[in-house]
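# Structure assessment
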Amino acid sequence: MAEESYATQLIDGNGEFNVAGLENFTKGVKLAECGLSYAVVAIMGPQSSGKSTLLNHLFHTNFREMDAYRGRSQTTKGIWIAHCVGIEPCTIAMDLEGTDGRERGEDDTTFEKQSALFALAVSDIVLINMWCHDIGREHAANKPLLKTVFQVMMRLFSPRKTTLLFVIRDKTKTPLERLEPVLREDIQKIWDAVRKPHVHKDTPLSEFFNVDVVALSSYEEKEEKFKEEVTQLRQRFFHSISPGGLAGDRRGVVPASGFSFSAQQIWKLIKENKDLDLPAHKVMVATVRCEEIANDKFRQLNSDEGWLALEEAVQAGPVPGFGKKLSSILETYLSAYDMEANYFDEGVRNAKRQQLESKALEFVYPAYAVMLGNLRSKALENFKTRLEHSLSKGEGFAASVRACAQSCMLEFDQWCADASIQQANWDASKIREKLKRDIDAHASSVRGENLSELIANYEKQLSAALSEPIESLFEAGGKDTWPSIRKLLKHETEVAASEFSSSITGFELDQETSKTMLQNLRDYAKNVVEKKAREEAGKVLIRMKDRFSTVFNHDNDSMPRVWTGKEDIRAITKEARSASLKLLSIMAAIRLHEKPDKIENILFASLMDGAVTVSSTKTREIGTSTDPLASSTWEGVPPKDTLIPPVQCKSLWRQFKAETEYTVTQAISAQEAHKRSNNWLPPPWAIVAMVILGFNEFMLLLKNPLYLVVLFVAFLLSKALWVQMDIAGEFRSGTLAGLLSISSRFLPTVMNLLRRLAEEAQGHPTPQASRQSGSLMPQGFRHQTHPSNPTSNSIPESSVSSNISPSDSGVEYSSPNLTHRRVTNIQEAELS
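What counts, and at which threshold
Residues numbered from 1 in each chain as written. Predicted model: local features only at pLDDT ≥ 70, side-chain atom pairs only at ≥ 80, totals over all residues. Heavy atoms only, no water. Helix = DSSP H or I, 4+ residues; strand = E, 2+ residues; numbered from the N terminus. Buried < 20%, exposed > 50% of the residue type's maximum accessible area, 1.4 Å probe, protein only. Contact = heavy atoms within 4.5 Å. Areas by Shrake-Rupley, 256 points an atom, 1.4 Å probe, with all protein chains shown as cover. Pairing = 2+ DSSP bridges. Axes fitted to C-alpha atoms, helices over the stretch in contact; angles between N-to-C directions. Phe/Tyr/Trp six-rings, centres within 6.5 Å; stacked < 30°, edge-to-face > 60°. Lys NZ or Arg CZ within 6 Å of the ring centre and 35° of its normal. Core = buried A, V, L, I, M, F, W, Y, C linked by side-chain atoms within 4.5 Å. Salt bridge = Lys/Arg side-chain N within 4 Å of Asp/Glu carboxyl O. UniProt positions renumbered as here; feature names shortened; annotations may be inferred. Expected span 1.5 Å × (residues − 1). Polar contact = N/O pair within 3.5 Å; in protein donor to acceptor, adjacent residues only side chain to side chain. Patch = residues over 30% accessible without salt bridge, like charges linked within 9 Å, V, L, I, M, F, W, Y side chains within 5 Å. Parallel < 35°, antiparallel > 145°, perpendicular 65-115°, else oblique. Left-handed = near helix turned anticlockwise from the far one by under 90°. Nonpolar A, V, L, I, M, F, W, Y, C, P; charged D, E, K, R; others polar. pLDDT = per-residue confidence, 0-100.

## Focus: the overall build of the protein chain
Helix and strand counts for the protein chain stand at 28 helices and 9 strands. Expressed as a percentage of the 832 residues in the protein chain, the buried residues total 43%. The contacts of the protein chain with a sequence gap of at least 6 include a subset with a gap of at least 24, amounting to 72%. Accessible surface for the protein chain amounts to roughly 45,100 Å². Of this, 53% is attributable to carbon and sulfur atoms.

## A look at the sheet that holds strand β7 (residues 209–215)
An order of β1-β3-β4-β2-β5-β6-β7 is seen for the 7 strands of this open sheet, with the pairing classed as mixed. Since the sheet does not close on itself, it has two edges, and those belong to β1 (8–11) and β7, each with one partner. Here the average twist between neighbouring strands, direction ignored, is 25 degrees.

## Re the environment of A360
Mapped onto the fold, A360 is located in helix α11 (residues 346–392). Once residues within four sequence positions are removed from consideration, A360 is found in contact with F298, L301 and L330.

## Observations concerning the environment of N342
Note on placement: N342 falls in the loop between α10 (322–340) and α11. Considered as a pair, N342 and L36 are 306 residues apart in the sequence and their alpha carbons are 8.7 Å apart. Those residues in contact with N342 that sit more than four places away from it in its chain are Y337 and R349.

## Section: the packing of aromatic side chains
For the structure on display, the rule yields 17 aromatic pairs. For the ring pair W191 and F209, a centre distance of 6.4 Å and an interplane angle of 90 degrees mean the geometry is edge-to-face. Of this pair, W191 sits in helix α5 (residues 176–193) while F209 is found in strand β7, placing the two residues 18 residues apart along the sequence. The pair formed by W191 and F209 is uniform in burial state, with each residue classed as buried. Seen in terms of ring centroids, Y219 and F226 are 5.1 Å apart; in terms of plane orientation they differ by 70 degrees. Their pairing is edge-to-face. What links up through ring pairs into an aromatic cluster is the set F548, F552, W563, W653 and F656. In this structure, K359 is placed above the aromatic ring of F298, and the distance from its NZ or CZ to the ring centre is 4.5 Å. The cationic tip of K378 hangs over the ring face of W415; the distance from NZ or CZ to the ring centre is 4.6 Å.

## Notes on unusual backbone geometry
A cis amide bond, omega -5 degrees, links E88 with the succeeding residue P89. Here P89 shows up in the loop between β3 (79–83) and β4 (90–96). If you check the backbone angles, H60 has positive phi at about 60 degrees while not being a glycine. Position of H60 relative to the elements: it lies in the loop between α2 (51–59) and β3. The backbone of E508 shows a phi angle near 50 degrees, a positive value even though the residue is not glycine. Positionally, E508 belongs in the loop between α14 (481–503) and α15 (511–538). For E508, a relative accessible area of 46% gives the class partly exposed.

## Structural notes on the nonpolar core
Core analysis: the biggest nonpolar cluster contains 169 residues, and Y38, F118, F166 and F322 have the highest contact counts within it. Among the elements that make up this core, the one with the highest residue count is α11 (14 residues). Residues contacting F118, with those up to four places away along its chain left out, are L10, I11, F17, I79, M94, A263, I266, W267 and I270. By size, the runner-up hydrophobic cluster in this structure holds 23 residues, among which are I43, F59, A93 and V167.

## Considering the pattern of salt bridges
All chains considered together, the criterion is met by 34 salt bridges. Note that D212 is salt-bridged to R236, the shortest N-O span being 2.4 Å. Here the residue D212 occupies a position in strand β7, and R236 occupies one in the loop between α6 (223–235) and α7 (259–271), the gap between them amounting to 24 residues. Overall, D212 belongs to the buried group, its relative accessible area being 18%. The salt bridge partner of E536 is K539, with a shortest N-O separation of 3.4 Å. Its relative accessible area of 1% is what places E536 among the buried residues. Because the salt bridges share partners, they merge into one network encompassing E471, E475, K532, E535, E536, K539 and R543.

## Observations concerning the pairing of strand β5 (residues 125–131)
Most of β5 is tucked away, with 7 of its 7 residues classed as buried. Of the two faces of β5, the one holding I125, L127, N129 and W131 and the one holding V126, I128 and M130 are both buried throughout. Inspection of the sheet shows strand β2 (residues 38–44) paired to β5 by 4 bridges, in the parallel sense. Residue pairing in the sheet places I43 in a bridge with L127 of β5. With 7 bridges joining them, β5 and strand β6 (residues 162–169) adopt parallel strand pairing.

## Some remarks on the UniProt feature "transmembrane region" (unreviewed entry) in the protein chain
Following the UniProt record, one finds the feature "transmembrane region" (unreviewed entry) at residues 706–723. Overall, residues 706–723 shows 100% helix and 0% strand. The separation of its end C-alpha atoms is 26 Å.

## A word on helix α9 (residues 305–316)
Every α-helix winds through 3.6 residues per turn, so residues three or four apart in the chain are directed the same way. With 12 residues, α9 extends 17 Å between its outermost C-alpha atoms, agreeing within 8% with the 16 Å of an ideal straight helix rising 1.5 Å per residue. Its side-chain oxygen placed 2.9 Å from the backbone nitrogen of G306, D304 serves as the N-cap of α9. One or two positions beyond α9, positive phi appears at G317, with a value near 160 degrees.

## Focus on helix α23 (residues 705–725)
Over its 21 residues, α23 extends 30 Å from the first C-alpha to the last, a length consistent with the 30 Å expected when each residue adds 1.5 Å. Along α23, the residues classified as buried are A720, L721, V723, Q724 and M725. In the stretch just after α23, D726 is the one whose phi turns positive, near 50 degrees.

## What about the side chain of E536?
Along the chain, E536 falls in helix α15. Once residues within four sequence positions are removed from consideration, E536 is found in contact with E471, F474, R543 and M587.

## What about a nonpolar patch on the surface?
A grouping of L706, V709, V710, V713 and L717 is seen on the molecular surface, where their side chains present a nonpolar patch of about 420 Å² in accessible area. By the element assignment, L717 lies in helix α23. Classification of L717 as partly exposed rests on a relative accessible area of 35%.

## Notes on the packing of helix α1 (residues 19–28) against α7
Their axes nearest at 10 Å, the elements α1 and α7 cross at an angle of 155 degrees. By the angle class used here, α1 and α7 are roughly antiparallel. Crossing angle aside, the handedness with which α1 passes α7 is right-handed. Between α1, through V19, L22, E23 and T26, and α7, the contact on the second element is made entirely by F259, S260, A263 and Q264. Here the contact of α1 with α7 is composed, by residue class, of 4 nonpolar, 3 polar and 1 charged.

## A word on the packing of α14 against α15
Orientation of α14 relative to α15, taken along the N-to-C sense of each, is 150 degrees, at an axis distance of 10 Å. As far as their axial angle goes, α15 and α14 are roughly antiparallel. When you trace α14 past α15, the crossing you get is right-handed. Along its contact with α14, which presents W482, I485, L489, T493, E494, A496, A497, F500 and S501, the element α15 presents M517, L518, L521, R522, A525, K526, V529 and A533. Partitioning the contact of α14 with α15 into residue classes produces 12 nonpolar, 2 polar and 3 charged.

## Observations regarding the confidence of the model for the protein chain
For the protein chain, mean pLDDT is 80; residues scoring 70 or higher make up 82% of the total. Below a pLDDT of 50 lies the segment residues 68–73, which in the model reaches 9 contacts outside its immediate sequence neighbourhood of four places, other chains included. In the model, residues 611–624 has pLDDT below 50 throughout and makes 8 contacts with residues more than four positions away in sequence or in other chains.

Shown next as structure tokens:
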């Protein structure tokens, strides 16, 4: 498809800028893609001088040309632009309305200056079309045009190197070598005559313009020659912006993408009759266009699929290669910005790039912060896992913490380096410090938990090692109770402290902390002893009664006492109470220090002896004897070590005596009952009287032996009934109760004995009789074992004089002599 020139009116005759037309033109020729590789060529000259014809032949454009058959009149109104076909790089031709035209009249000068200023501001090459015959004339048509051009250029504060190509039309036989010096001389005179600003007073013409001259034959008379010369001139426009080309040394070029905006702003400034500062305008154009490009790239970044996927992924956890991926995304859009804004003013371009970069980095920073947070969480979890694994292997706590923390911090630094963005120099030190604080806090927490668990284990060990032995020592209540407790406490405490010191070595605690923890462990052991002592002190009354019962009811060989009447109950009672009071003195205060006290002496003097010996001096000072137990503290014992105050000891002793008095009474009653049961024979004087008074009867029996047999049989029967019915036991419960029990059982017992005698005489005892005999015998002795006398029932089991149990051969007593005697009597009764 052949190229098109896209001829478009840029500014109409009324000075209105065709914005839409210029936008369509730039899109049609794809001007924005050219960067700085484009050139603008404008042509100025008198009206009807063939400017449009020259452009059409030179650049293959299609500007409207004058019709000679209709006369000489204005053809081009305003300013038109067209794409130069077949010229590289992209070249835009600008056809200006002719000067010195009759159609505008007096206003023509104004538009002439405005269009000339616009052409010089936007063009790289300006063709000045002039007739050959005007050269050398003082008032020729070219002189006002040149003056206008130079005056306009003086309004440019900074030189914009422009190539002025004078095209001499309809050249004559005079050689160009003759015409060019004259033309250059005229141009220099015009330049020197133009009023210049002070800063450019001595500035040479070459600083503002490159002047070149070319001559063309007449188009009407020598058309072929004209076309040939135009073709040669066309070749000079190829690569015109390359070094050595027509516009090879141009300056202040606006990138192609900003040409449309730049042209609009330049014409606006010209219309407002403002001085045109091309460098300032260049900066303004660059500012607007670079900002547009930057905003466009930022919008593309916001919707970039790679960025959106990366942002979503980082919310779920650490993303490997995060820094490289994000840097690549940012670099893509920054490079695209650099490519599009490459030809704009460098200062503006760099400033806008920096703004774009800052804006983009600010936009992606939250994702980076989340990434660092994920890395911190991951490093902390790794530390926790590794520390737990290391501790489970039995390694030292402090060494494990150091090793795990060092490895995790090293990994975190590597992860941060991987997550770092090439375009930013973000500092991750705050996140690193927070990770360090988190690691220290977790290590401190684990250390506290481990130490607490370790301390709890050793406290439990101490409690188990001390509680039961101390309870046993208090229960024994001997002279060496507190010395034994002190020895036990010291031994167990030292063992636990030694093991605890070895256990905490791996924690690498400072000396003060270790010392404090060891002291706390010793204090705990002491508190265990004190707590146990206070518990036992609360049970002292029970312990005292148990101690009294043990001593009172058992002899020195720990055998149960049988109250036979020979025991000294008073002495035994005093001994038992003394043992109980000894126990009370032991439990009265905590004696973990080897400082002697007078608690035992005071208690015995006050409670056992019933009086207190007071020194004469003290007696004289007080006036009367005082009760040492009428106090809440013990002399020489700190209040915190007092378990049972003196006044409470007195109250406990009173209660103890009241509760053990019954036991003593029962023992006395049992002793008296035993005496009564063993003293059934009459007194000796009665026996002597019976012998003397019954001498005759005794002699009668000797003379008649049959009476002896009858008496012997009666004696056996009486003895059998005595044993069978346990008459002595029945009467222990009282006379009336014994009579009632014997009267109810007498007849069945006699009948049973007669039945058994009859059966033994026949030689075959019946099973029923055997069963009845067996059942009757335990029944008789059952009453003896469980007497109905409430007085006997209240006596403790340990104080009962005999222990009775049924057996096949009779009743066995705890006393060997009584057992032998009872069994022998029963056998004799059965044989009889």
